[in-house]
Amino acid sequence: MRFVLASNNKGKLIEMKAILSEQGVEVISQREAGLNLEVEENGETFADNAYIKAKAASEVLGLPAISDDSGLCVEALGGAPGVHTARYGGEGLSDEDRYLLLLKNMENAEDRRAKFVSAVVCVMPNGDVISGYGECHGEILYAPKGNGGFGYDPIFGLPEMGGKSMSEITAEEKNAVSHRGKAIEKFREELMKYYSEI
């Protein structure tokens, strides 16, 4: 089974491949499929945005397309940045710029609770939709720690991992506890159910 990931995010591609390859699912990036597609993510939820991206890629390529929309929701910021996580602070900022801005906006916040959220949506060429959802609860650290991962990983602390940041754990550990790992695992279960019912 070949699926296209409606993204060129290398981190997401590695995580998707690692979890879905066990099911005999080959995941390729939209670039590998010869697609350079930028769609407007104007949904109100992570699932809305994932569906928009997957549907667009599936329609163009005629293949099953998977999309993940994920983000960081911080209690002290009223759930922000939420669906605007990737664009937090505006265009042209690096991952580091974004998480440093978030730390600055959290300077006086005592409540450090936060969660990463992921919605994985697959749109089949016939229009069928399969999805999975996952959350990872943690806290915003006071300073970045670690060199692994991507995005906001260096400032997201995991109490269950002894307070390590998402950037300090191995890829295997991350797949086991992360929002995306949980969402992909749920998606994998739904995908197997889908194929068993055809």
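About the cut-offs
- Residues numbered from 1 in each chain as written.
- Predicted model: local features only at pLDDT ≥ 70, side-chain atom pairs only at ≥ 80, totals over all residues.
- Heavy atoms only, no water.
- Pairing = 2+ DSSP bridges.
- Helix = DSSP H or I, 4+ residues; strand = E, 2+ residues; numbered from the N terminus.
- Right-handed = clockwise from strand over helix to strand, strands pointing away.
- Phe/Tyr/Trp six-rings, centres within 6.5 Å; stacked < 30°, edge-to-face > 60°.
- Buried < 20%, exposed > 50% of the residue type's maximum accessible area, 1.4 Å probe, protein only.
- Lys NZ or Arg CZ within 6 Å of the ring centre and 35° of its normal.
- Salt bridge = Lys/Arg side-chain N within 4 Å of Asp/Glu carboxyl O.

*Asks:* What's the story with the pairing of strand β1 (residues 2–5) in this structure? I'm lost.
*Replies:* Each regular strand displays side chains that alternate between the two surfaces of the sheet. Relative to strand β2 (residues 26–29), β1 runs parallel, the two being bridged by four bridges. Considered in β2, the bridge of Leu5 is made with Ser29. Handedness of the β-α-β unit built from β1, helix α1 (residues 10–20) and β2 comes out right-handed. Relative to strand β3 (residues 65–74), β1 is paired through two bridges, and the arrangement is parallel. Residue pairing in the sheet places Val4 in a bridge with Ala65 of β3.

*Asks:* Help me out: how do you make sense of the packing of aromatic side chains in this one?
*Replies:* In this description, an aromatic ring pair is defined by two values, namely the gap between the centres and the angle between the planes. Under the definition given, this model contains two aromatic pairs. On the basis of an interplanar angle of 40° and a centroid distance of 4.4 Å, the ring pair of Phe116 and Phe156 is categorised as tilted. Of this pair, Phe116 sits in strand β4 (residues 113–123) while Phe156 is found in strand β6 (residues 156–158), placing the two residues 40 residues apart along the sequence. Classification of Phe156 as buried rests on a relative accessible area of 1%. Between the aromatic rings of Tyr194 and Tyr195, the centroid separation amounts to 5.4 Å while the plane-to-plane angle is 75°, which identifies the pairing as edge-to-face. One cation-aromatic arrangement involves Arg112 over Tyr142; the distance from NZ or CZ to the ring centre is 4.0 Å.

*Asks:* When you look at the pattern of salt bridges in this model, what are you seeing that I'm missing?
*Replies:* Once their charged atoms are close, side chains differing in charge can pair, the charge on each being opposite to the other. This structure, assessed with the given rule, holds 17 salt bridges. Notably, a salt bridge pairs Asp68 with Arg180, separated by 3.1 Å at the nearest N-O pair. In this pair, Asp68 sits in strand β3 while Arg180 sits in helix α5 (residues 179–197), placing the two residues 112 residues apart along the sequence. The exposure classification of Asp68 matches that of Arg180, with both residues buried. One salt bridge connects Lys115 with Glu135, and the closest N-O pair in it is separated by 3.3 Å. Linking Lys115 in strand β4 with Glu135 in strand β5 (residues 129–140), this pair joins segments that are 20 residues apart in sequence. When its relative accessible area of 26% is taken as the criterion, Lys115 is described as partly exposed. Connected through shared salt-bridge partners, Lys12, Glu15, Asp68, Asp153, Lys174 and Arg180 make up one network.

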